[in-house]
Amino acid sequence: MSFIVLYLQKKTVTQKKDKRRLFQFPWQYKEGFVISFILIILGLGFDFITKKPIHFPAFPTNLSLVITYTLLLIAIYKFEKNNKIVKWISGIPAAITATVLFTIVSAILGIVPQVEPGVILKDDILYDLGFKHLTTSWLIAFTYLFFVTSLGFATVKALIPFKKKKFGIFLSHLGLYIIFIAGIAGSSDAKRTYFYLENDAEPTNIVTDFYSPQKYETPFKLQLNKFDIIEYNPKIVLVNFSDNELITPNSSKHFIIKDSLSENFLDWTIKVEKFIKYSYPTDTSYSKFEETKSKGAIPAALVAIYDKQGNLINQEWITSGNFIFPRKNIAVNEKYYFAMLSPEPKEFSSDITAFLPDGTTENFILKVNKPKKLMGWDLYQTGYDERRGKWSSYSIIEAGYDPWLPAVFTGIFILIAGTFYLFWLGSRAIKEDDNNDNN
Amino acid sequence: MNWVQFPYIAYTAIILLVLSFSVFFLPISKKSKKILANIFALSNVAIFAYFIISLWINLDRPPLRTLGETRLWYAVFLPILGLITFNRWKYFWFLAYSNLMAILFIIINLTHPETYNKTLMPALQSPWFVPHVVVYLLSYAILRVSWLVAINGLLKSYSNKKGIVKVLSILLSPIYFLINLFSENDEKDNIKKILKMADNIVFIGFAFLTLGILFGALWAKEAWGSYWTWDPKETWALLTFLVYLIYIHLRSQHKNKTSLHLWVLTISFAFLLAAWFGVNYMPSAKNSVHTYSQEE
Ligand code: HEM
């Protein structure tokens, strides 16, 4: 980045014989970088003095701030278009320096590990300067302010006076502006919480905040009827006794059990003679398994191992085991054994009944990627007891509340429309050649 | 269909893709060239799409988990993109580039027979998953072309110098060769024309990059309940977005500072590479939701 600064400065000095002093009009890149620098110092200073995260004001202050700010931008541009500072802030040098600043600050965010929201570190210089909680720091607040102001003016400028060719640019700028404004302002109204629902427990409307032990009450109550996991059939792998290295099958990388399927590993063929996805062993030596739908059931397979000549080497039941039953492998020789891996989940879901304040109830099934909207809240299936897997006795349901979401999504779709308009225009989206290098 | 039948599809596709850009050399009218190029490339798209769909049905999940599966999508979308760009801007070399890239991916799949894995973790089973990944892959492929064009431009603008530039131009000769072989008239030597070419490509790549980020946001909202979490991968995608934004805005003024623009475009690609490969090595990547990408 500093490369650009140097280059532009050198050029302005050498080519234009620019003897203009700093902050003498018309402003250019130099002023932009100096302003960015001042903002960085201010941001770091505020963070260092306060030593704690900041948040945008919540509803209704955020809404009135956003509306006032936007109207102000429009009014200033409309009536003070020729003011030298307005000219600068709605121009390319301000846009580029603001973007460079935002890039630098985001780069910090992309490199320094961030603390979980709500965590406060003491006597940690990186934390005190805001680097470890960047999204709630003064530094990013000032950066946003510069960036969004430049973007806001650019949006208005692309609309006034209206030109058809500029419409794509207007849409991109408007979309991004809405996303930023709504995202920042909405962050303080959004709630991210979760329900902890136990099997057969009473309906509850208590949710816990995602980042703190704080509790809220939702207007509705939830009850878990049943948590379930649909699992893939388990994989079978060949393992080296000495270092537990996994040996892949000869024809592919994985061997997933299907009924009566065989696969070659090194010099051996393993054949699944019988497979029961959910079963109980009938005795402790695992000599037999029976199908069951009961709690804690495990997958089991009767497998036979043959050598190259087709001679049977070994035949036994194997299982991945679980939190109740130990696993069982089958040995090939003193060096190798076959093992069944625990089945991987394909889909997990909770069958839930919601009790609404008007006395009605609603039944639905929550799955990953299939959220459910309920009275302005979004419910997501997120967790369960991973040790017990399919037989988990509880389900964790994330409950989110974000009234600004429609605004953000509107911005997203406007931005998509805008960038595709630019895609189609290509280089013609940018002004034709001119020698007017200086605005 | 499954991977057993892949070689038949692959060889047919390679032939079609080569035919598609080779028509440039036929002694026929421009219009006929264009029609033939379209027919060949579209046939490739059709058979590959057919293969992917039947594989999808066969696997019971979108074939986008393993590297080999992702390469299949390249083989469909690169030629489509080559076609769109070709029809829009008449760059035969871009069609040649996209088709050659697609062929490269097909050949890798032929020489590294695909692993066969049916499982896919629940969070990845989203309707947004396929578009998110494919769009990202495409933006990456396209922005790389803009980088190559920039390098090509830099070499041209420094071509009177010797030493390191000479070495570089030999290293980068394939794209240099491609652009020069497939370009008409003055397009290849005029730096301003080269930058215009770069702009056309950057706007396409940038549109896809934007789309990739936004699809990712929509998906995150659906799967994790939050559309933007400053996950390192997200942050680096945003950084890439921002540096290309700087390029676009720089281009809208100072038209004469061509070598600055070429340099900025060249450097922007470093951010893309960091976003693509580097994220996993950043200290911030510890808790990334994107760690599943390291699995395979
Ligand atoms: C998706 C994001 C964006 C896209 C695709 C985009 C695209 C463009 C394009 C193509 C132009 C050239 C207009 C022309 O030459 O007539 C332009 C102008 C401009 N953009 Fe952006 N831009 C984006 C985001 C931003 C941001 C974030 C800012 C500010 C921080 C910004 C500030 C400006 C300004 C100030 C102009 C000059 C307007 C003028 O002088 O007429 N843009 N933008």
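Residues numbered from 1 in each chain as written. Chains lettered and ligands numbered in written order. Predicted model: local features only at pLDDT ≥ 70, side-chain atom pairs only at ≥ 80, totals over all residues. Heavy atoms only, no water.

1. With respect to the overall build of chain A
Of the regular secondary structure elements, chain A holds nine helices and 17 strands. On C-alpha atoms alone, chain A measures out to a radius of gyration of 31 Å, which is more than a quarter above the 22 Å that the 2.2 N^0.38 rule sets for 439 residues. Here the C-alpha coordinates of chain A stretch approximately 90 × 60 × 50 Å along the principal axes. Sequence separation of 24 or more characterises 58% of the internal contacts of chain A that already satisfy a separation of 6 or more. (Helix = DSSP H or I, 4+ residues; strand = E, 2+ residues; numbered from the N terminus. Rg over C-alpha atoms; globule rule 2.2 N^0.38 Å. Contact = heavy atoms within 4.5 Å.)

2. A closer look at the coordination of the iron atom of the ligand
The iron atom of the ligand binds to the protein through His173 of chain A (NE2) and His249 of chain B (NE2), with metal-donor distances spanning 1.9 Å. Each of the six donor atoms around the iron atom of the ligand contributes to a set of angles spanning 79 to 179°, which defines the coordination as octahedral. In this pair, histidine 173 of chain A sits in helix H8 (residues 167–186) while histidine 249 of chain B sits in helix H9 (residues 232–251), so the two residues belong to two different chains. For the residue pair histidine 173 of chain A and histidine 249 of chain B, the accessibility class agrees, reading buried in each case. (Donors = N, O, S within 2.8 Å, 3.2 Å for Na, K, Ca; no water. Tetrahedral: all angles 85-135°; square planar, octahedral: opposite > 155°, others 65-115°. Buried < 20%, exposed > 50% of the residue type's maximum accessible area, 1.4 Å probe, protein only.)

3. A closer look at the packing of H8 of chain A against helix H9 (residues 405–425) of chain A
Residue and element names in this part refer to chain A. As a packed pair, H8 and H9 sit with axes 7 Å apart at the nearest point and diverge in direction by 155°. Regarding the angle of H8 to H9, the classification is roughly antiparallel. At the point where H8 passes H9, the crossing takes the left-handed sense. Between H8, through Phe167, Gly168, Ile169, Leu171, Ser172, Leu174, Gly175, Leu176, Ile178, Ile179, Ala182 and Gly183, and H9, the contact on the second element is made entirely by Ala407, Val408, Gly411, Ile412, Ile414, Leu415, Ala417, Gly418, Thr419, Tyr421 and Leu422. By residue class, the composition of the contact of H8 with H9 is 16 nonpolar, seven polar and no charged. (Axes fitted to C-alpha atoms, helices over the stretch in contact; angles between N-to-C directions. Parallel < 35°, antiparallel > 145°, perpendicular 65-115°, else oblique. Left-handed = near helix turned anticlockwise from the far one by under 90°. Nonpolar A, V, L, I, M, F, W, Y, C, P; charged D, E, K, R; others polar.)

4. Points about the domain arrangement of chain A
Domain parsing of chain A yields domain 1 (15–189 + 406–438), domain 2 (193–230 + 346–401) and domain 3 (233–343). Here the C-alpha centre of domain 3 of chain A lies 59 Å away from the C-alpha centre of domain 1 of chain A. (Domains from an automatic or database assignment.)

5. Let's talk about H9 of chain A
Residue and element names in this part refer to chain A. A rise of 1.5 Å per residue sets the reference length of H9, with its 21 residues, at 30 Å; its end C-alpha atoms lie 30 Å apart and thus fit the reference within 8%. Within the span of H9, buried status applies to Leu405, Val408, Gly411, Ile412, Ile414, Leu415, Ile416, Gly418, Thr419, Leu422, Phe423 and Leu425. Where H9 ends, the next residue or the one after it, glycine 426, has phi of about 60°, a positive value. (Expected span 1.5 Å × (residues − 1).)

6. Observations concerning the packing of H9 of chain A against helix H8 (residues 191–224) of chain B
How two helices pack is summed up by the angle between their axes together with the distance between the axes. Put simply, H9 of chain A and H8 of chain B touch, their axes get as near as 9 Å, and they point 160° apart. Here H8 of chain B runs roughly antiparallel to H9 of chain A, going by the angle between their axes. As H9 of chain A runs across H8 of chain B, the sense of the crossing is left-handed. Together, Leu405, Phe409, Ile412, Phe413, Leu415, Ile416, Thr419, Phe420, Leu422 and Phe423 of chain A of H9 of chain A and Phe203, Ile204, Phe206, Ala207, Phe208, Thr210, Leu211, Leu214, Phe215, Leu218 and Lys221 of chain B of H8 of chain B make up the contact between the two elements. Considered class by class, the residues forming the contact of H9 of chain A with H8 of chain B number 18 nonpolar, two polar and one charged.

7. Some thoughts on the nonpolar core
The biggest cluster of nonpolar side chains holds 152 residues, and the ones touching the most others in it are Phe48, Ile106 and Phe241 of chain B. Setting aside residues up to four positions removed in sequence, isoleucine 106 of chain B forms contacts with Phe6, Ala10, Ala13, Ile14, Leu17, Phe48 and Ala75 of chain B. (Core = buried A, V, L, I, M, F, W, Y, C linked by side-chain atoms within 4.5 Å.)

8. Here we look at the confidence of the model for chain B
Residue and element names in this part refer to chain B. On average, residues of chain B score 79 in pLDDT, and 76% of them are at 70 or above. The lowest-confidence element of chain B is helix H7 (residues 173–182), averaging 60 in pLDDT; the highest-confidence one is H9, averaging 91. Below pLDDT 50 for its whole length, residues 291–296 participates in 12 contacts with residues either more than four positions away or in separate chains. In the predicted complex, the global pTM is 0.80; the interface-specific ipTM is 0.83. (pLDDT = per-residue confidence, 0-100.)

9. Let's talk about the packing of aromatic side chains
One pass over the full model with this rule turns up 47 aromatic pairs over all chains. Pairing tyrosine 77 of chain A with phenylalanine 153 of chain A gives two aromatic rings, centres 6.5 Å apart and planes at 50°, and the pair type is tilted. Note that tyrosine 77 of chain A is positioned in helix H3 (residues 61–79) and phenylalanine 153 of chain A in helix H7 (residues 138–159), a separation of 76 residues in sequence. When the centroid spacing of 6.2 Å and the interplanar angle of 65° are considered together, the rings of tryptophan 56 of chain B and tryptophan 73 of chain B count as edge-to-face. Residue tryptophan 56 of chain B is found in helix H2 (residues 30–59), and its partner tryptophan 73 of chain B is found in helix H3 (residues 67–89); the two are separated by 17 residues along the sequence. For tryptophan 56 of chain B, a relative accessible area of 34% corresponds to the partly exposed category. (Phe/Tyr/Trp six-rings, centres within 6.5 Å; stacked < 30°, edge-to-face > 60°.)

10. Digging into the site of the ligand
The environment of the ligand is made up of 26 residues, and the closest members are Ser150, Lys157, Lys166 and His173 of chain A together with His249 of chain B. Neighbouring residues of the ligand are not confined to one chain but are distributed across chains A and B. Lysine 166 of chain A places a polar side-chain atom, nitrogen or oxygen, 3.2 Å from an oxygen atom of the ligand. Histidine 249 of chain B places a polar side-chain atom, nitrogen or oxygen, 2.6 Å from a nitrogen atom of the ligand. (Near = heavy atom within 4 Å. Polar contact = N/O pair within 3.5 Å; in protein donor to acceptor, adjacent residues only side chain to side chain.)

11. A few points about unusual backbone geometry
All names here are of chain A. Residue proline 60 follows phenylalanine 59 across a cis peptide bond; omega there is 5°. By the secondary structure assignment, proline 60 is in the loop between helix H2 (29–50) and H3. Even without glycine at this site, asparagine 244 takes up a positive phi of about 60°. Inspection of the secondary structure assignment puts asparagine 244 in the loop between strand S4 (236–240) and strand S5 (246–247). For methionine 375, which is not glycine, the phi dihedral falls at a positive 50°. Secondary-structure assignment places methionine 375 in the loop between strand S15 (372–374) and strand S16 (377–384).

12. Description of the pairing of strand S9 (residues 298–306) of chain A
Residue and element names in this part refer to chain A. Where burial is concerned, most of S9 is hidden: eight out of the nine residues are buried. The sheet contact formed by strand S7 (residues 268–281) and S9 spans eight bridges and is antiparallel. Its bridge partner being in S9, valine 272 is matched across the sheet by valine 303. Here seven bridges tie S9 to strand S10 (residues 312–319), and the two strands are oriented antiparallel to one another. Paired with leucine 302 across the two strands is tryptophan 317, which belongs to S10. Taking the residues that link successive antiparallel strands as the turn, the S9-S10 hairpin has five residues, and the phi of glycine 310 there is positive, at about 90°. (Pairing = 2+ DSSP bridges.)

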